[in-house]
Every structure is written in C-alpha cells, then in structure tokens.
4 protein chains.
Amino acid sequence: MPTWSPSSGTRYSSAAQPKETWRASNLTTPRDEKDLVQLQSGIEHDITLGTPIGLLTDLYPRPSHADWTYLEKYGVKASSGGGRSSARETIGRVAAGAIAEKYLKLAHGIEIVAFVSSVGKVHLPFAPASQVVDEDDDTIEDPLSPEFCELLRTVTREQVDGQATRCPHLETSERMIKRIIRAKESLDSIGGTITCVVRGVPAGLGEPVFDKLEAKLAHAMLSIPATKGFEIGSGFRGTQVPGSKHNDPFVKHEDGSMGTKTNWSGGIQGGISNGENIYFRVGFKSPATISQAQQTAQYDGTPGTLAARGRHDPCVVPRAVPIVEAMASLVIMDQLLLQNARKTAASLLPPITTLPPTMVKPPSESQKGKESQQ
Amino acid sequence: MPTWSPSSGTRYSSAAQPKETWRASNLTTPRDEKDLVQLQSGIEHDITLGTPIGLLTDLYPRPSHADWTYLEKYGVKASSGGGRSSARETIGRVAAGAIAEKYLKLAHGIEIVAFVSSVGKVHLPFAPASQVVDEDDDTIEDPLSPEFCELLRTVTREQVDGQATRCPHLETSERMIKRIIRAKESLDSIGGTITCVVRGVPAGLGEPVFDKLEAKLAHAMLSIPATKGFEIGSGFRGTQVPGSKHNDPFVKHEDGSMGTKTNWSGGIQGGISNGENIYFRVGFKSPATISQAQQTAQYDGTPGTLAARGRHDPCVVPRAVPIVEAMASLVIMDQLLLQNARKTAASLLPPITTLPPTMVKPPSESQKGKESQQ
Amino acid sequence: MPTWSPSSGTRYSSAAQPKETWRASNLTTPRDEKDLVQLQSGIEHDITLGTPIGLLTDLYPRPSHADWTYLEKYGVKASSGGGRSSARETIGRVAAGAIAEKYLKLAHGIEIVAFVSSVGKVHLPFAPASQVVDEDDDTIEDPLSPEFCELLRTVTREQVDGQATRCPHLETSERMIKRIIRAKESLDSIGGTITCVVRGVPAGLGEPVFDKLEAKLAHAMLSIPATKGFEIGSGFRGTQVPGSKHNDPFVKHEDGSMGTKTNWSGGIQGGISNGENIYFRVGFKSPATISQAQQTAQYDGTPGTLAARGRHDPCVVPRAVPIVEAMASLVIMDQLLLQNARKTAASLLPPITTLPPTMVKPPSESQKGKESQQ
Amino acid sequence: MPTWSPSSGTRYSSAAQPKETWRASNLTTPRDEKDLVQLQSGIEHDITLGTPIGLLTDLYPRPSHADWTYLEKYGVKASSGGGRSSARETIGRVAAGAIAEKYLKLAHGIEIVAFVSSVGKVHLPFAPASQVVDEDDDTIEDPLSPEFCELLRTVTREQVDGQATRCPHLETSERMIKRIIRAKESLDSIGGTITCVVRGVPAGLGEPVFDKLEAKLAHAMLSIPATKGFEIGSGFRGTQVPGSKHNDPFVKHEDGSMGTKTNWSGGIQGGISNGENIYFRVGFKSPATISQAQQTAQYDGTPGTLAARGRHDPCVVPRAVPIVEAMASLVIMDQLLLQNARKTAASLLPPITTLPPTMVKPPSESQKGKESQQ
C-alpha cells in the first residue's frame, strides 16, 4: 500500500509520490510526527479509479486539554482530549487538498501559493493594514502597491519555504523571527495573517447568490482552527477607498484576453471569478495554549490558575500555510467541476440563434479565427 | 392572501404582520418600491403549517448594467440587466430571515442587532481599526474597550434605526453623514463596515470541523453583494494581541452560569458557541456604479469612457444592516435546529453511567438541585 | 410572461411552447382545470439563462379530506384539506420534467415513453405477472416475450395517447375500459400498473453504491402518490428465473456497439446503465376516495360511516402516465449531468499511459479509426 | 481498539460488543471471512462521543470479474476486479446499520426483522404472489391472510436464524432448501424475495412529497446488489384489489391508540408512517456468476464461452437478510431524527391558540388526563 508523509505543516508535490519533508525550524515545536498517509482505496498505478479515495493516517490526536464548548455540545468528550478540535485534524485537509492541487495544475495550470504576510504587528511593508490618518482626505489613500501586485504575480512555493517564517520577503521575515522568539521567551504566543494567491483560474467560477466564490473561500478559511478573519481582494481596506479609485477598469491584456487594469476586486466580481489573480488574507489569533500561568475557572466555576505543561508553538502561522493552500484547492476544485459540468451540459445543445447579440457572450478572438476559417 | 412590505432596506417586527416601513433618508436614493411579499403557502391564521412557506414578491429587478462575469459564466444573460447580481435579490433573504428571527426570539429569546460601525475612514471611536505603532511594544495594545462591550450588550434596533446612517453613536453618525454627502457631491461612492451582535445564543451551536459557526457566518456574510471581509470577535486585530491577553478567562457569572470575563473570542471557541455574545464585522466596498466618467473597455477590448446615468446610492452600508441581520438569523436558526435535534436524539437514550467523570458534562446547578430532591 | 397548460394528466411537447391539451376521456373525472404555468424567471426568447427557472401555477389545491398522518406529523393542518398530499402536487413534477425531457431529447436523443400495462387483473398479455405453476419445473419458465421487447423498442407517445386508457394494446385497452366502468358503476375504484421505457441512454449512468440508477428510479417512482411497488427489468418475476436463463449475454450489435442479446437486466447492471433500453414497472393502488359508504372511525376513535361526496376517479392510472415520464426524466437528467461532469473532468487530464490494458476501457471502433489516422 | 465480526451475512446484537457469529449453512459458500471491524473513532467505554464513528474492516474485496458498466463509467477499473460492485461492499451497511438498530431499540423500542419469503417459485403459502384467475371476479380476491399478519406481528430474529434458509416457516424452508440444492447441483443459481417488518415506528415519519417514507425505503433496498423490485404493503397485488377492500378503516386499538383494522397500506399513508407495522418485500435476482458455461462476448465483441471458476453461492437471499434489516434501520433512523427535530423545534414555541379545532391535532387521551389535572 503506498504511503506518504504529509504532516499538517508539510507541503508536497504529488498525491501519489510526495517526496518533500517538513523542515522543522527553531520557531515551531519540534515534533517527531511520522504522518504516513496510507492510500486505502481509489488509486492504482498512480491513477485514480473513479471510486472514493480512502486516506488513513496512522496517528492519533495527542493528549491535550478538553474543550468546554465540546462538553456543552455533546455532553460527553473523548478521554484523550480535544480530539477533533485539535489542529491535528487538518492533516486530512492537507492530504485531500494535495489531490485537488494536482488536478488543478494538470488540467488547468492553476497555481496556488500562500505565504505569511504578518506576525503580530510585523507586516509586509507594501501591503499595510489600513491606517486612519485624516478621515476627510481621500488623496492620501495609497493604492495597491506595485510591489504587492508583483509579489502576487511571481511568488513561488520554493521562495516561501526558503524562509523559516514562510514569509518570502527576507527583511520582514527576519523581523518576524524576532517577534516569535520574543513571544517564546516570554512564555507567550502571537498570531498573524496569511495571504494566498490563486493564479490561472478561468473566468466563470462561483455561484451567483449564496455560494459566491468569496463566500465559499471564506467558509473554508474560517473552518481552519484559530482563524478570526477573512478578506478578499482589497478587503476591509477597500471599504475606505472611494468607488472611483476602487473600480477595476477593463483592459485588453497583451495576450489578447480581456482583463482588468487594477485588481482591487481580488479576481472575483459579483461572486464569480473574472480571470484575474484571486487573492485573499486570513487572520490567525495567538495560540490559546501558553506556558505562563493564567487566572481562569474550573468547570464548576471555582477560580484557579492554569499553566500549560509541555512545549507549545508560540506562533502557528507558518505551519498553517499549507492548510490555507489545501482549503483553497478544495474550493477551487469544487467550483471548477461545477462550472465545467454546466458548460459541458450547454455544449451538447444546438447553437443559440434566436437571442439578440446583447444577450450572448461575444466569441473570443480565437473562436472568431476558427469560425472564419470554416 | 396576506402581504407585507419588507424592502431590502426595511426592518419589520413580524413575519405575518409587518408594520414598520422604510424610512428613506436623504443619504440613499429615494425609491418608490412597494415591496409587497405575498405569502403563497405554508401559513394560515398566522401559524406555520409545517409545509414550505412560499414567498412571492411582486417586483422585478430594475434595469441595470450587465455583468461581464455572468456572460463568462453562462454564455447568455438576461436582457433586463444584472438580474440576480442586483442587490434587489436580497429581498428574499430579508423576508426569509424575518421568519427565522421571529422563531429565535419566541423559542430562545435570541436577539440580533446590526449597526454601521464605519463609513470610509469614519469609525466608531471605541472599536478602532488596528493601528501599527511600535511593533515591539505589546504594552500599548488597547483592550476591548468597555464602551464597545457595553454597546454590544445594550444596543437596540430602535437606537439603530433612529439614525439615518444606522450608526447608533450620534457624534460618529454625524461625521458619517458628512462623509456620505461628500461622496455624493463628487459623483463618487464610499464603503463601510457593519457590526452585528447576537445575544442569548445557547452554548453548543456550530459543527466542529468544516461547519464551524464562524465559518457558516462568514459564508453567509460574504454572500451578500459588495462584501469584501469578515471578522469574528477580535478579528484581524486579534492577530496582533499576545495569547496572554487574548485568552478569555472563565468566570462564574452573577446568574450562576459559566462564562468568560472578556470576549475576544466573539462568543465562539473551536467553532462552537460558548454562550457569550457573538459579534462580527462585515466590510462593504464602495459601490461600483458611480456617475462620474470612468475609463474602461468594451467587451471586445476597445477602450472607452463609461458614466452611469440615473441616481445611485453613494453608500449602501445603512441599507445593508437588515440584510446582515437576516443572514445571521438564518445561520443561527440552522445551527439551533441541528443542535437541538442532536440533543433530543441523545435525551431519548438511557442515562450514561459507565463513563469516568472527566468525560461527562457536570450537571448544572439547577439540575443538581432537582437531583438532590429526588 | 409566457404561460402553458400542463395539467397533471397532460403531456406536452415543449417547455416553452406547449401545444397539446389534455384529452379528458369518460374514464376519468372531467375537470375544468386551466393549469396555466407562468414562467417566472430563468427563460427569455425560449432560451434558459442559466439562472433558476421559476414556475408558478395559478391554481390551488381543491378542498379534499384531511390526512390523519399529516396531523400526526405536523400537529396542525391546512384548512383547505390535503394540501401537498393531494395528487395536484404533481403538476410541479410534470412541468419540471418537461424541461428535462426537452434537454434529454435535444442533447442526447433520449426518448421516454410510459404506458398503462395493467388495470386491476387486466394485463398486457405478453408481459404477464408471474404465475406459480410447478415450483420444481424450470423448463416452463416463459422468456421475455418478443412482443413485449418489440413494444418497448417501438412504442410512441402518440400510440399511448391514442387510447383513453393510455394502454397502447387495443384489445387489452378495451378490456381495461370495461374494468374501469365496472368500478365506476359500483361506486368503487381500481388500481393498475404503468410500464416505462427509456431509450437511448448512454452506458455509464448511475452511481455504484447507494445511488444506483435503479435506486434513484425507485425513489422517484415511489414518491408519486398512490404507488405501492417498483420493478426494474425482470423484477419480481426475475427472482424465479435461474441465473443461466436470466443472464444477458454480451453481443456486438449491428451498428458495431457492444450490447446484450436479452435484456432481463432492464438496461442497468451493478447500478449503472449498460446502453440497452431501461424499462421498469410501477404499481398504483386503487384510489382511497370512493363514493360508497365505508365503516371507519373519527379522530377520537368513535366508529362511524364515511361516504365521499362529489365525483371521484375510479382509476387514476391513465392520468399518472405523464407523471411517471416526468420523474424518469428528472432522474435520468440528474445522472447524465453527473456522469458528463465526471467525464469532462477526466478528459482534461493527460492520457493514461501507465496502466495495464486489462484496467483500461478499450478504445471504441470509431476511436481506433481516428487514432490510426494520426 | 475494540473489534467485532459482522460478516455481511452476520447479525449481531450490539454495536460495541457483538457476540454472535455467522452460522454458515451448507446452502451458501463456506467462507473464512474474519470480518473484524475496528472502531477507529467516535466511541469510548461503549458510549458514542458525538463525533463521527469510523469503522475499518481489515479485508479487501476478493478478486472477481470486472464489470463492463464500470469500465464504461470510469474508463479505468481496479485490477482486483469488481471492487465496489462486489457484494462485499455491504459490510459497511451492516456495520453502520447495527448502530442505528441499537439506537432505534433503546430510544424507541423499534424492532426490525427480515426473513426470506420466497426462493424461486417456492413461496410462503399465506402471502402468495398474485394469481390472475378470473379478471372480472373481484369476490375471489383473497385478503391479507391472518397467518401472514400474525407472522409480521410476532416473528423474531431467533426464529429466522433458526433456519438455514432464514425462512421462519419450517415446511416452506425445507422446500426452499431443496430448490437451492437443485440449483447448486445443476451449476446454476436461483433468486428469491425477502420480506421485512418494522414494528413500533411512531406515526409521523417520512416527508410528504419527494422523500416519502416508502420512497426512501425503495431507494435503500434497490441500492442493495442484485435487487430487482420493491413493494410496500400490498404492493403489486394491491393494484388488483378494489378500493372498497383495500382501504384500511380506522379503529381504536385496545391500548386506546388510534390505528387501522387492516394494513394493506403497510404502515405508511401519503408517504408518512401511521403507527401500524411497516412491511415491505424486496426481490433479488438469481446470482449472475454460475459455474456452467455461458455463451457471451469479449470486450471487443468477439463471441466466446465463459464458465466461472471457483465456488459460487447458488442463492444469496439468506445472506441478504441482515443487509435488508441494516438498510431499513438506516432509513428509519434518518426519518426519526428529522421528525424528532421538527417536533422539538415546534415544542419550544408558545402553544397555538388561534387555530380552529379542525386544523389542530386533538390531544391524546393521556394528554387530556394531564391537562384536566392542572
């Protein structure tokens, strides 16, 4: 039975033959987690068979604290601790996401890269959180910086994994390291944000009302443990930018395709992808488990002091990068299958000849060429 | 057939007999939209029958611009314009949400109130967007302000609707009005944020992995037109606060119930409600349709200038408040039904006697009393 | 707004422009049901827009008796009677099925024809219900008769609608008429069966475990009011036929395609269509509402006598033929969309070269030709 | 990790501590299938934790023939043969069904017993397949026999398992044994039917339109491999019985509850359970794999002869009895959870006081007593 080793914090290049291993840094707890995944079913000779792919990991959740909310919900809880509330649960997402990523790459050339964009107050310099300065002055509103757009256009997983922080901007990465070490030394923890870009997504993905593409992405990201926020494109910052600056004008790209000059929209308009790069940002809170003593109460309300034993990650954001990528892959894969199914169903019908031109999509340049040849 | 009049921007108090009407302010386009909703089925004598409730509005989408992404998606588009990409689509959400709200109030005493927390750069003073000052100094991190917590605890729909901006803080509301008027006068538009609080939610709602309560809320909010971001509890700001400050210590409340002293979590932990107030923030971009001329391109890529005719809302955030409340109601209702179903199913089984005490939820104070009497 | 008139008992040829009208016979209650269907949304210029198609009928359920099981279920019931338990509910199925039928015909050339195969004990002669004669004698087991196979291969809707009974076999139809008149004259009712054939379904439809194609068809058919049984292919009769006779040997058809010589399987093997004609039989009980007095009890258990007033159909089977066709269309449409989505997704991947020949579908004759040309 | 041994043909009494073992008879192929099921998750100390229950069997499908329809569907197939088209797939159903059965018994006292009602032409004498004798004579229509009703009321799993055929009627069982041996000796196979009764189901289960209780049961049963037909209550036979005989009059039962005198309906009316015993019949075709040589064709259409090697079950019907019970359990469990959720949600609302009495369910006798005491 084939196996591979996708730790929750590990990226790998292939569903069937993953080779990369997790490069533990001194920023996160060293773990001897031999996360072998057994491919139980659905794959032979590296080819999927169309039947369900069963993945089994040979590890069990580490003993950890029990969640009050779990007890409230179920009335009982696992003796071994948090169970599914442990972030170890995310291994299933990463393993499944790897299969989706591989399909997206092979069938559509889609690339998904996430990276750490802030740790605590240490931010990538060219994509700052919004600063309120003079609320009546729109002129000082800084645009989407060229550096940030360029980063989104070019960043690779190799560049990201080259830094222990998984922040591909070296100078920022070093300041992040200091920030994490400071948290570690004070027996404390710190959060951060991850930015993810999806390149090569065709226009037309996403459903128009309840299952807008950004809604599905937000759902997926907020289902990752410890997340507190989600922004698509310009995000909260975009709420402060006047429409005249925020609108993305349409242009014809150099390759002849239609597109937009700027990308405040983040590649999605009206819930549907427009062919530009999709990018979004996810906020992770500071880890709850810290080693310093904290005042709290027992289940019956008796006040007391709690100090976690053992070693704890002061910052989980670098480890969450592959999880963000995996969840993005699963969302894009779902939407691609839906939209391709719709297009296939429509393609089997006779051509539409009765609609006025304003109601029909104009043929693309390449289609025009083909048609004139016939 | 009973009818009522829930404009997308209208709040009403009862599914069967709505009485309130939309107070158009001079901040938004006056519209003569008699949004009568016909109750087609499922209700008689003000009582639901258990069968589907059919709601029919007697209006049709106003002619508006066509979306490029729609054409890309479907290949054809409605002649009348945006169709379902029009925010007029949200009337169905508000009508359905009204039924959910009524149930939540009657059956569980749950209250849901949303309000405008920022317009452009004009923010509620006591819930500021995070400001990066000294990235190495944790001491200046301001806490969740008492004013903000008090507002969440007490704000009513009457207070919100008392302001044309739907911002219940008077001084801020006046500055918001100025900001909106400035956008209007410059033929431009401006975005903003809405904060929503859900009070009285029992502990235990939400599913532990993919359908965490915050994930369902994020999905619902990002499905509202023009939204760009979602934050639960401390949100992105919480990513900058060390764990030792961000953790919410457990305390026994005055009424004997367990709870938390602070509420950075926003009422949800590990994806499951903990009984504290749930609050979240939603970002809305500046409206795309503005009256000033914009450089853009036609479908075939030819550059040109576009200036929208007619009157357009310079800021839609005040109108979106009831939509946020409606979507929150639908999410909470779904999760309540799920969790109550689970609890009912479990309650029919014999009592659990074989588990060690650490695996079972301790009986509440009131249950203890009952048991000792027996 | 376009309208059309698909009574529950009416067939029509086109979703957008139905022209046929219900030919009421003297066998069923004359009804002045102007079942106009309004196309509320999703269609313009006879073309679907990709958005939901809203269909609204302008009639309401006729007053009728209330169902005890509804009261048990919901605790309350509609004042107007059976509500959704009325067979009038099926109009929605027929209207939606018409759209599916049109797609199946246009995109795949699939034809669906149902007909009445028995009324009471009056059966089509060449597809008899199984008769137990000598349980130790397998030799007398009659095969699938050539007449029955020929009927399945050729029967048209015109032939079916040409008979008041919707049984295309004239001699049998006349005996059925006598049987129905006998029920009518004795203020009684009688049931019957409908056989349905689906021609032109490609191989590969249906899911392998829980959603086998016959399981989906059974679900759909048993959801039609008054149904009591479902058989696919040889059905219950097939349980008495030894495997050596029941197995359908593979043959190469005259057009070069693979197929089976007999068709006991009814076009489905292992839950998946095999390209042969799919046929199944549905049993309808005798209508419950009859005019003769019946002994029964009131809600509180007090015995009493009930005699329905008004006119009642003594046999609803002829009216149910379009409903069976509609539900079959919806099931086949769903499965086609699913399977075509799967095939499209696979087609975008590079060709499989690493599998041994025994694991890959051999290329078809036409594909072979193409490949050798390259 | 706890394990238990539920062969697909094995019944067991408890999810957590199954003790019974499969009593292989000389009628079915002896198999040394140590079907240990590992409880991977969701259970501790014999108590479910509310989290998903993972069940893993440590066996793999036996090599068997490949299905043509699978190749058509997926384009590729597993090298090891039928894969999920093997009836070995049903072990998952039986294991999951055992958990549902246990809940139904503990929480509601529901009992589910299935038994073999025919093998080939050998039928239980008092529930014969319909015989067409004189199609104009309704008087000779035999009723639901008292023996059959008594059997449904009393039959136990012990009685069923006491016979190698799993037919609890001794004389019939012996004739069935002879029939199966005859099939075996002639290297052939034979089919049969299974009847299943569900006792103690409360009124109100099932959804009114598409998910009628009988529709869900039909779906579940037709998803079992080799099934060809499904009948609820009187089934196809009921189509020949006039309404005046087929209607089930309401009576007050001895325990004061409302019920019906006869039970042609099979415990379901209008898609919703009425509190009477639910019973249905499922038809299984003769197994396809037989040892005698058969004329057929290869994948490319070349004619040839196929004779299966190895030992094959001449009749699988006795082995399918636990599968029918398991699928019935899963359907009833789903519907119970749905209906109890609905009732719980309604119970939290204030009492209904505004409806006329004809629209409200009358209070039961016991409720009346309680109310008069207050």
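The structure contained in this document is the topic of the report that follows. Owing to the predicted nature of the structure, the values given are computational and were not obtained by experimental measurement.

Some words on the overall build of chain A
Part 1: Check the secondary structure of chain A and you find 10 helices and 16 strands.
Part 2: Within chain A, residue pairs in contact and separated by at least 24 positions form 71% of the contacts whose partners lie at least 6 positions apart.
Part 3: By element, 55% of the accessible surface of chain A is carried by carbon and sulfur atoms, the whole surface being about 15400 Å².

Some thoughts on the relation of the copies chain C and chain D
Part 1: The two copies are related by a screw motion: chain C maps onto chain D through a turn of 180° and a shift of 0.0 Å along the axis, at an RMSD of 0.0 Å. Given the turn and translation reported, the copies of this chain are related as if by a two-fold rotation axis.
Part 2: Both copies present the same face, since 99% of the interface residues in chain C are matched by interface residues at the equivalent positions in chain D.

Some remarks on the interface of chain C and chain D
Part 1: Contacts between chain C and chain D engage 113 residues on the former and 112 residues on the latter.
Part 2: Summing both sides of the interface, chain C and chain D together bury roughly 9200 Å²; the carbon and sulfur share of this comes to 56%.
Part 3: Of all residues in chain C, the largest losses of buried area upon contact with chain D belong to Lys73, Lys121 and Lys228 of chain C, amounting jointly to 10% of the total for that side.
Part 4: At the boundary of chain C and chain D, one finds zero salt bridges.
Part 5: Counting every contact that joins chain C to chain D gives 28 residue pairs in polar contact (both at pLDDT 80 or more).
Part 6: Ranked by residues supplied to the side of chain C that touches chain D, first place goes to helix α1 (residues 68-74) of chain C with seven residues.
Part 7: Of the residues belonging to the side of chain C that touches chain D, the class tally is 43 nonpolar, 40 polar and 30 charged.
Part 8: When strand β9 (residues 227-232) of chain C meets strand β9 (residues 227-232) of chain D, the two strands line up antiparallel, connected through three bridges. Counted as the bridge partner of Glu231 of chain C is Gly229 of chain D from β9 of chain D.

Section: helix α9 (residues 317-347) of chain B
Part 1: The terminal C-alpha atoms of α9 of chain B lie 44 Å apart, and with 31 residues this matches the ideal 45 Å at 1.5 Å per residue to within 8%.
Part 2: For α9 of chain B, a buried count of 23 out of 31 residues is recorded, marking the element as mostly surrounded by other parts of the structure.

Focus on the sheet that holds strand β14 (residues 278-284) of chain D
Part 1: Read from one edge of the open sheet, 10 strands run β7(C)-β6(C)-β8(C)-β14(C)-β9(C)-β9(D)-β14(D)-β8(D)-β6(D)-β7(D), paired in antiparallel fashion. In the strand order of this sheet, the two ends are held by β7 (122-123) of chain C together with β7 (122-123) of chain D, each with one partner.
Part 2: Looking at chain direction, strand β8 (residues 192-199) of chain C and strand β14 (residues 278-284) of chain C are connected through seven bridges and run antiparallel. Of the residues in β14 of chain C, the one forming a bridge with Gly192 of chain C is Phe284 of chain C.
Part 3: Relative to the sheet, helix α3 (residues 146-154) of chain D contacts β6 (111-119), β8 (192-199) and β14 of chain D, its axis offset from that of β8 of chain D by approximately 60°.
Part 4: Against the sheet, helix α9 (residues 317-347) of chain D contacts β6, β8 and β14 of chain D, and its axis sits at roughly 145° relative to β6 of chain D.

Re the sheet that holds strand β9 (residues 227-232) of chain A
Hydrogen bonds along the backbone pair up the strands of a sheet, which may run parallel or antiparallel.
Part 1: Sheet architecture is open: 10 strands sit in the order β7(A)-β6(A)-β8(A)-β14(A)-β9(A)-β9(B)-β14(B)-β8(B)-β6(B)-β7(B), paired in antiparallel fashion. Sheet topology places β7 (122-123) of chain A together with β7 (122-123) of chain B at the edges, where each strand pairs with a single neighbour.

Overview of the state of the cysteines
Part 1: In the structure shown here, the tally under the stated rule is zero disulfides over all chains.
Part 2: Counting only cysteine sulfurs, Cys196 of chain A is the nearest neighbor of Cys149 of chain A, a cysteine outside any disulfide, at a range of 16 Å.

Quick notes on the pattern of salt bridges
Part 1: Under the counting rule described, the total for this entry stands at 44 salt bridges over all chains.
Part 2: Of the charged contacts in the structure, one is a salt bridge between Asp161 of chain A and Arg166 of chain A, with a shortest N-O distance of 3.0 Å.
Part 3: A relative accessible area of 4% means that Arg166 of chain A is categorised as buried.
Part 4: Salt-bridge contacts for Asp313 of chain C lead to Arg319 of chain C; the nearest nitrogen and oxygen are separated by 3.7 Å. Taken individually, Asp313 of chain C and Arg319 of chain C each receive the classification buried, so the pair is uniform in this respect.

What to know about the pairing of strand β9 (residues 227-232) of chain B
All names here are of chain B.
Part 1: Where burial is concerned, most of β9 is hidden: six out of the six residues are buried.
Part 2: Note: β9 against strand β14 (residues 278-284), five bridges, orientation antiparallel. The residue bridging Ile232 from the neighbouring strand is Phe280, located in β14.

As for the environment of Val37 of chain D
Residues and elements named next belong to chain D.
Part 1: Looking at the secondary structure, you find Val37 in strand β2 (residues 37-41).
Part 2: The exposure class assigned to Val37 is buried, which follows from its relative accessible area of 0%.
Part 3: For Val37 and Gly54, which are 17 residues apart along the polypeptide, the C-alpha to C-alpha distance reads 9.8 Å.

Conventions we followed
Residues numbered from 1 in each chain as written. Chains lettered and ligands numbered in written order. Predicted model: local features only at pLDDT ≥ 70, side-chain atom pairs only at ≥ 80, totals over all residues. Heavy atoms only, no water. Helix = DSSP H or I, 4+ residues; strand = E, 2+ residues; numbered from the N terminus. Contact = heavy atoms within 4.5 Å. Areas by Shrake-Rupley, 256 points an atom, 1.4 Å probe, with all protein chains shown as cover. Least-squares fit on C-alpha atoms with pLDDT ≥ 70 in both. Buried area = accessible area lost by both parts, 1.4 Å probe. Salt bridge = Lys/Arg side-chain N within 4 Å of Asp/Glu carboxyl O. Polar contact = N/O pair within 3.5 Å; in protein donor to acceptor, adjacent residues only side chain to side chain. Nonpolar A, V, L, I, M, F, W, Y, C, P; charged D, E, K, R; others polar. Pairing = 2+ DSSP bridges. Expected span 1.5 Å × (residues − 1). Buried < 20%, exposed > 50% of the residue type's maximum accessible area, 1.4 Å probe, protein only. Axes fitted to C-alpha atoms, helices over the stretch in contact; angles between N-to-C directions. Disulfide = S-S within 2.5 Å.

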